[in-house]
Amino acid sequence: KNNVVSYFKVRGCPYKCSFCATGNFDTSTRTEPQYHREIRYLLQDLKFRALCFRDPTFFLETKVVMDCAELLHSIGNIRWKGQARGTFHRQYTWEQMKFMRKSGLTSVMFGVESGSQRMLDLMIKKVKREDYIKSAKVLADLGIEMYASLMFAMPRETVADLKETISLIRAMKKANPNIFLSHCIYIPLP
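A brief structural summary. (Residues numbered from 1 in each chain as written. Predicted model: local features only at pLDDT ≥ 70, side-chain atom pairs only at ≥ 80, totals over all residues. Heavy atoms only, no water.)

Here we look at the nonpolar core
Counting 45 residues, the largest nonpolar core has Ile39, Phe59, Trp80, Phe88 and Met100 as its most contacted members. In this structure, Phe88 is in contact with Phe59, Met97, Met100, Val108, Phe110, Ser135 and Leu139, ignoring residues within four places of it in sequence. (Core = buried A, V, L, I, M, F, W, Y, C linked by side-chain atoms within 4.5 Å. Buried < 20%, exposed > 50% of the residue type's maximum accessible area, 1.4 Å probe, protein only. Contact = heavy atoms within 4.5 Å.)

So, the pairing of strand β1 (residues 4-7)
Side chains on a regular strand alternate between the two faces of the sheet. Only one face of β1 is covered, namely the face carrying Val5 and Tyr7; the face carrying Val4 and Ser6 is uncovered. Looking at chain direction, β1 and strand β4 (residues 50-53) are connected through four bridges and run parallel. Residue pairing for β4: Tyr7 is matched across the bridge by Phe53. (Helix = DSSP H or I, 4+ residues; strand = E, 2+ residues; numbered from the N terminus. Pairing = 2+ DSSP bridges.)

Thoughts on the pattern of salt bridges
Enumeration according to the criterion identifies six salt bridges in this entry. A salt bridge links Arg30 to Glu38, with the nearest nitrogen and oxygen atoms 2.6 Å apart. A relative accessible area of 24% means that Arg30 is categorised as partly exposed. Given a relative accessible area of 22%, Glu38 falls into the partly exposed group. Close ionic contact of Lys98 with Glu95 constitutes a salt bridge, the shortest N to O distance being 3.4 Å. Taken together, the residues span about one helical turn, with Lys98 and Glu95 both in helix α4 (residues 94-102) at a distance of three residues. Under the relative-accessibility criterion, Lys98 is labelled partly exposed at 38%. (Salt bridge = Lys/Arg side-chain N within 4 Å of Asp/Glu carboxyl O.)

Section: the packing of α4 against helix α6 (residues 129-142)
Contact geometry of α4 with α6 gives a least axis separation of 10 Å together with a crossing angle of 55°. It follows that α4 is oblique to α6 by the angle criterion. The handedness of the crossing between α4 and α6 is right-handed. Taken together, the residues of α6 that come into contact with α4 (itself represented by Trp94, Met97, Lys98 and Arg101) are Val138, Asp141 and Leu142. Classifying every residue of the contact of α4 with α6 by side-chain character gives four nonpolar, no polar and three charged. (Axes fitted to C-alpha atoms, helices over the stretch in contact; angles between N-to-C directions. Parallel < 35°, antiparallel > 145°, perpendicular 65-115°, else oblique. Left-handed = near helix turned anticlockwise from the far one by under 90°. Nonpolar A, V, L, I, M, F, W, Y, C, P; charged D, E, K, R; others polar.)

Quick notes on the packing of aromatic side chains
Overall, the coordinates contain twelve aromatic pairs when judged by the stated rule. Ring centres of Phe58 and Phe59 lie 5.1 Å apart, and the angle between their planes is 80°; this geometry places the pair in the edge-to-face category. Plain terms: the ring middles of Phe88 and Tyr92 are 5.5 Å apart, the flat faces sit at 45° to each other, and that makes the pair tilted. By the burial criterion, Phe88 is buried, and Tyr92 matches it. (Phe/Tyr/Trp six-rings, centres within 6.5 Å; stacked < 30°, edge-to-face > 60°.)

Some thoughts on helix α1 (residues 32-45)
Between its first and last C-alpha atoms α1 spans 19 Å; for 14 residues at 1.5 Å apiece the expected length is 20 Å, and the two agree. If you check which residues of α1 are buried, you get Tyr35, His36, Ile39, Leu42 and Leu43. The buried residues of α1 all sit within an arc of 140° when viewed along its axis, so they share a single face. Exposed residues lying more than 90 degrees from the buried face of α1 are Pro33, Arg37 and Asp45. Residues of α1 that are buried make contact with β1, β4 and α2 (62-75). Where α1 terminates, the next one or two residues include Lys47, which has phi positive at roughly 70°. (Expected span 1.5 Å × (residues − 1). Arc of directions from axis to C-beta.)

Below, the structure is given as structure tokens:
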């Protein structure tokens, strides 16, 4: 039941979050024939039944994501997940999201980081805290798990910011009871 494989379709991330440890803001993507061949190899030849897209922003390009969903649907009986930005809820139509669910999408991962809009702005996340609540609600309506990662102890974070993060956690949990939360402590690296 834990027969899962991780896969990178895109390397890098075009966003410039202030806490990023990679500093790689360019992206390089596999071509459609290449990722079709590799995904088919992993799922059909090697018999993995679950696929985790590890791209930092897998859901960024609608056309490519829908192509992947169609590929996974054609293979059949596959579970998959990927990472998205908080704006996920407005990037796709309801019909597209339903098809992703039908193709096997079971979980969407978000780097929420903070519930404080002030901290999100300092991190240069370019996402509003309300976006996470709306995405949580959409995923709940589809029966899809939301995985939310939070970061604490960022420079300039205050107790008031921490309270806003706790408030956001509660709001996301209310919007989607099928939420999994993880957290980490900010560690500056040279």
